[in-house]
Amino acid sequence: LLPKAEPQIILIGDFAPKDAQLLTHKIKLVAFTDSYVIRGDFHTGPETQAADLFVAVPGPFFPATDAEIYPLRPLAADLGGQADLVFVHKDAVRVFHEVK
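Residues numbered from 1 in each chain as written. Predicted model: local features only at pLDDT ≥ 70, side-chain atom pairs only at ≥ 80, totals over all residues. Heavy atoms only, no water.

Caption draft 1: A look at the overall build of the chain. Looking only at helices and strands, one finds one helix and six strands in the chain. From first element to last, N terminus to C terminus, the chain shows the α and β order β-β-β-α-β-β-β. By the compact-globule yardstick of 13 Å for 100 residues, the chain fits well, its C-alpha radius of gyration being 13 Å. Counting all 100 residues of the chain, 39% fall into the buried class. Partitioning the intrachain contacts of the chain with sequence separation of at least 6 by distance along the chain shows that 63% fall at a separation of at least 24. Approximately 6,200 Å² of the chain is accessible, and the part contributed by carbon and sulfur atoms is 55%. Looking at the chain, you have 9 positive and 13 negative side-chain charges, and the mean spots of the two groups are 3 Å apart. (Helix = DSSP H or I, 4+ residues; strand = E, 2+ residues; numbered from the N terminus. Rg over C-alpha atoms; globule rule 2.2 N^0.38 Å. Buried < 20%, exposed > 50% of the residue type's maximum accessible area, 1.4 Å probe, protein only. Contact = heavy atoms within 4.5 Å. Areas by Shrake-Rupley, 256 points an atom, 1.4 Å probe, with all protein chains shown as cover. Lys, Arg positive; Asp, Glu negative; His and termini not counted. Charge placed at Lys NZ, Arg CZ, Asp CG, Glu CD.)

Caption draft 2: Representation of the packing of aromatic side chains within the structure. All told, the structure shown has four aromatic pairs when counted by the stated rule. Plain terms: the ring middles of Phe-15 and Phe-87 are 6.5 Å apart, the flat faces sit at 25° to each other, and that makes the pair stacked. Taken together, the residues span a long stretch of sequence, with Phe-15 in the loop between strand 1 (9-10) and strand 2 (25-32) and Phe-87 in strand 5 (residues 81-89) at a distance of 72 residues. Looking at Phe-15, the relative accessible area reads 30%, which means it is partly exposed. (Phe/Tyr/Trp six-rings, centres within 6.5 Å; stacked < 30°, edge-to-face > 60°.)

Caption draft 3: Geometry of the side chain of Thr-65. Position of Thr-65 relative to the elements: it lies in strand 4 (residues 61-71). By relative accessible area, which is 7% here, Thr-65 ends up buried. In this structure the side chain of Thr-65 is engaged in a polar contact, spanning 2.8 Å, whose partner is the side chain of His-43. When neighbours within four sequence positions are excluded, Thr-65 is seen to be in contact with Pro-17, Leu-22, Lys-26, Gly-40, Asp-41, His-43, Asp-84 and Leu-85. (Polar contact = N/O pair within 3.5 Å; in protein donor to acceptor, adjacent residues only side chain to side chain.)

Caption draft 4: Quick look at the nonpolar core. Within the largest apolar cluster, 19 residues are counted, with the highest numbers of intra-cluster contacts made by Leu-29, Ile-38, Phe-42, Leu-53, Phe-54 and Val-86. Contributions of two or more residues to this core are made by strand 2, strand 3 (36-44), helix 1 (53-56), strand 4 and strand 5. Take this core: its biggest share by element is four residues, from strand 4. With residues near it in sequence (within four places) discarded, Leu-29 still touches Ile-38, Arg-39, Gly-40, Phe-42, Ala-50, Leu-53, Phe-54, Phe-96, His-97, Glu-98 and Val-99. (Core = buried A, V, L, I, M, F, W, Y, C linked by side-chain atoms within 4.5 Å.)

Caption draft 5: Examining the pairing of strand 3 more closely. Counting buried residues along strand 3, eight of its nine residues qualify, which places the element largely inside the surrounding structure. The sheet contact formed by strand 2 and strand 3 spans eight bridges and is antiparallel. The residue of strand 3 that forms the bridge with His-25 is Thr-44. Count of turn residues in the strand 2/strand 3 antiparallel hairpin: three residues. Relative to strand 4, strand 3 runs antiparallel, the two being bridged by six bridges. Directly across from Val-37, in strand 4, lies its bridge partner Tyr-70. (Pairing = 2+ DSSP bridges.)

Worth remembering: the numbers are spatial, not functional.
And the structure:
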């Protein structure tokens, strides 16, 4: 049991982007949590602007594809590198910006 408010990033083994039924509109972002920097294509509705993604869009987790994950400090669990699909908890995001 893991309360859904606690994880910052979730990776699910053998769960490909094609299986996740992602929205087709993508926004390339760099998002910072307390522990990680995540760079990737965040999937959302076609009307959503980058500035509104983690503020106005409901839901605790946001999918990102072609993600790069960088730890900001030494961590007990080795999480970093590239992932085809990750889910980022919106409450964990401290700051983010769009990559053009």
